[in-house]
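Report on the structure
Residues per chain, in single letters:
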Amino acid sequence: MSDLKQQAALAAVKLIKENSVVGFGAGSTIAYLVQGIKDVPALAGSITTVTSSFNTKMLLQQSGFVVKEMGDLGEIDLYFDGCDQFDSRLNALKSGGGIHTREKILASMAHEFILIGDESKSVEKLDGKYPLVVEVIPDALAFVMNRLQQLLHPSECRIRLSDRKDGAVITENGNFLLDCRWTVFPEPALVNEKVNGIPGVLEHSLFVNIVRLAIIAGPGGIKIIR
Ligand code: 5RP
């Protein structure tokens, strides 16, 4: 699927105008996008970049881009990101990286948020393969776990643990991540409303009504979904 991700990324390069402020998310498709922009020196030399991802920040810096801090910007022109899965209404799950809070801020700050990836990401309905990730303030951990159970009945809800160090994964914001799973993923609008309403939740990894455009590459070519 790698060359399909690269094809989607190269199609995305064409949407970027010189001198614009461009946001980047995380993952392998975004790495192809950074390389694709770097290969157009006039574009690469003129844009200002910002990113939700530590790894992408290092890549942008090593590639010679001007990189701004998120907190210094109130709006940006475009934000590109990958996802784990998205449905026919462009509801997207961005759970793997655990940085969905920063991703959602940049996506909301952008005049246009564009998903890029290969066609394996596209499903009619979110199917439960990926968890909903909920970023939780430590003092609210037990309360949020109880409330999630009462409101949405996940079959499993676990604190994300680090696989390189003993203990829980702690986010850039000093919080825990809960990975919540269902055998049948509930209605996205309901999940969004219920989880956003729980005190102590900072953000969750389901993007409802935020994505406007997806650029998806498959064996048959590039598909633009609006
Ligand atoms: C993490 C994400 C990433 O954007 C996604 O996992 C990237 O995928 P890929 O490496 O296939 O581009 O949403 O939460």
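Residues numbered from 1 in each chain as written. Predicted model: local features only at pLDDT ≥ 70, side-chain atom pairs only at ≥ 80, totals over all residues. Heavy atoms only, no water.

Looking at unusual backbone geometry
- Within the chain, Asn-19 stands out as a residue other than glycine whose phi angle is a positive 70°.
- Relative to the helices and strands, Asn-19 resides in the loop between α1 (2-13) and β1 (21-24).
- Asn-19 gets classed as exposed once you look at its relative accessible area, which sits at 61%.
- Its identity is not glycine, yet Asn-209 carries a phi of approximately 60°, on the positive side. (Helix = DSSP H or I, 4+ residues; strand = E, 2+ residues; numbered from the N terminus. Buried < 20%, exposed > 50% of the residue type's maximum accessible area, 1.4 Å probe, protein only.)

Comments concerning the layout of surface pockets
- Taken as a whole, the largest pocket holds about 480 Å³ of empty space.
- In terms of lining residues, the largest pocket is bounded by 27 residues, among which Ala-26, Gly-27, Gly-96, Gly-97 and Ile-99 are the most central.
- Listing elements by their share of the lining of the largest pocket, those giving two or more residues are α2 (28-38) and α4 (54-62).
- The dominant element in the lining of the largest pocket, judged by the number of residues it contributes, is α4, at three residues.
- For the lining of the largest pocket, the class distribution of residues is eight nonpolar, 12 polar and seven charged.
- Domain assignment of the residues forming the lining of the largest pocket places at least three in each of domain 1 (2-124 + 208-225) and domain 2 (132-204). (1 Å grid on protein atoms, 1.4 Å probe; cavity = no way out; pocket = protein on both sides within 12 Å on 5 of 7 lines; lining within 4 Å. Points joined across faces, edges and corners; volume = space filled by probe spheres on them. Nonpolar A, V, L, I, M, F, W, Y, C, P; charged D, E, K, R; others polar. Domains from an automatic or database assignment.)

Side note on the sheet that holds strand β12 (residues 206-207)
- If you trace the three strands from one edge of the open sheet to the other, you get β5-β6-β12, paired in antiparallel fashion. For this open sheet the edge positions go to β5 (85-86) and β12, each flanked by a neighbour on one side alone.
- Note that β5 and strand β6 (residues 92-93) share two bridges and pair antiparallel. Looking at β6, one finds that Phe-86 is bridged to Ala-92. (Pairing = 2+ DSSP bridges.)

Description of the sheet that holds strand β2 (residues 48-51)
- Here seven strands make up an open sheet; going across it, the order is β3-β2-β1-β4-β7-β13-β14 and the pairing mixed. One side of each edge strand has no neighbouring strand; the edge strands of this open sheet are β3 (66-68) and β14 (221-225). Taking each pair of neighbouring strands and ignoring which way they run, the sheet shows an average axis angle of 25°.
- As paired strands, β2 and β3 are joined by three bridges and run parallel to one another. Looking at the pairing, Val-50 lines up with Lys-68 of β3. (Axes fitted to C-alpha atoms, helices over the stretch in contact; angles between N-to-C directions.)

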